[in-house]
Each structure stands twice: as structure tokens, then as C-alpha cells.
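# Architecture at a glance
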Amino acid sequence: MKRLILLILITTVVLFSGCGRNDNSGEEITITFWHSFISSTIPALNDLITRFEKENPGIKINAQYIPSGDALIQKLITAVQSKT
């Protein structure tokens, strides 16, 4: 379980590190954030997303629940292979 959490955190950091912003574009950037948080932690996640969006105008976070385990691993593999 600790390895899965570490994998999710590392993946999140890598994805966000590649998200530079060009202030000349004027377009809103939307980032889809995959997570496996349980329902009791969703309010804290939503609070963090709201804070991030306030501190980073022009960036919108779309939180998307992905079940942990094989479904998450398969989605990550597909995304990496398709460079999406």
C-alpha cells in the first residue's frame, strides 16, 4: 500500500513539473488529476484543489476518481504509452 501511495505521489509530481505556463497564451489550462482517495478524504482533497486554483489563476484541476490497483496501473500505462 505504501508503494502505491508513493507511486501516486511521484506520478503527480512528475505530471505537475511538466506543466509550465505561458502567460501570453491567455488560455485556461485544465489538468486532470487522477486519485484513489476514499470518500472521507474527498473534502480535504477538494480544499487543496481550491487553494491551488486560487494561488494559480488560469489553471483548473479536474479531480477524477480512479479505483486503485489494476485499474489505476492500467490507466497509467496507457497514458504513458500514448503520451497523454
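See the structure above.
Residues numbered from 1 in each chain as written. Predicted model: local features only at pLDDT ≥ 70, side-chain atom pairs only at ≥ 80, totals over all residues. Heavy atoms only, no water.

### Some words on the side chain of histidine 35
What counts, and what does not: Per the convention used, a helix needs a DSSP run of H or I reaching at least four residues, while a strand needs a run of E reaching at least two, with both numbered from the N terminus. Side-chain atoms alone can form a polar contact between residues adjacent in sequence; in general such a contact is a pair of N or O atoms within 3.5 Å, and within protein one must be able to donate a hydrogen while the other accepts it. A contact between two residues is defined here by any heavy atoms of the two lying within 4.5 Å.
You can see histidine 35 is positioned in strand S1 (residues 29–35). In terms of polar contacts, histidine 35 uses its side chain to reach the backbone amide nitrogen of phenylalanine 37, at 3.2 Å. Each residue touching histidine 35, except ones within four places of it in the same chain, is listed here: Ile42, Leu45, Ala63, Gln64, Tyr65 and Ile66.

### Some details on the nonpolar core
Put simply, the rule reads: Among buried residues, the Ala, Val, Leu, Ile, Met, Phe, Trp, Tyr and Cys ones that are joined through side-chain atoms within 4.5 Å form a nonpolar core. Relative accessibility under 20% of the residue-type maximum defines a buried residue, over 50% an exposed one, and the middle range a partly exposed one, all with a 1.4 Å probe and only protein chains included.
Ile31, Phe33, Leu45, Ile49, Ile59 and Ile61 together form the largest nonpolar core, which totals six residues. At the level of elements, S1, helix H2 (42–55) and strand S2 (59–65) are the ones that each hand at least two residues to this core. Counting five residues, the second-largest nonpolar core is a separate cluster that includes Leu4, Ile8, Leu72 and Leu76.

### Quick word on unusual backbone geometry
Its identity as a non-glycine residue notwithstanding, lysine 83 has a phi of 55°, on the positive side. Tracing the backbone through its elements, the reader meets lysine 83 in the segment after helix H3 (70–81). Residue classification places lysine 83 among the exposed residues on the basis of a relative accessible area of 77%.

### Concerning the environment of lysine 75
Structurally, lysine 75 is set in helix H3. On the basis of relative accessible area, lysine 75 is assigned to the partly exposed category, the value being 30%. In the structure, lysine 75 is positioned 41 residues away from tryptophan 34 in sequence and 9.5 Å away in space, judged by C-alpha atoms. Discounting chain neighbours no more than four positions away, the residues touching lysine 75 are Trp34, Gln64 and Ile66.

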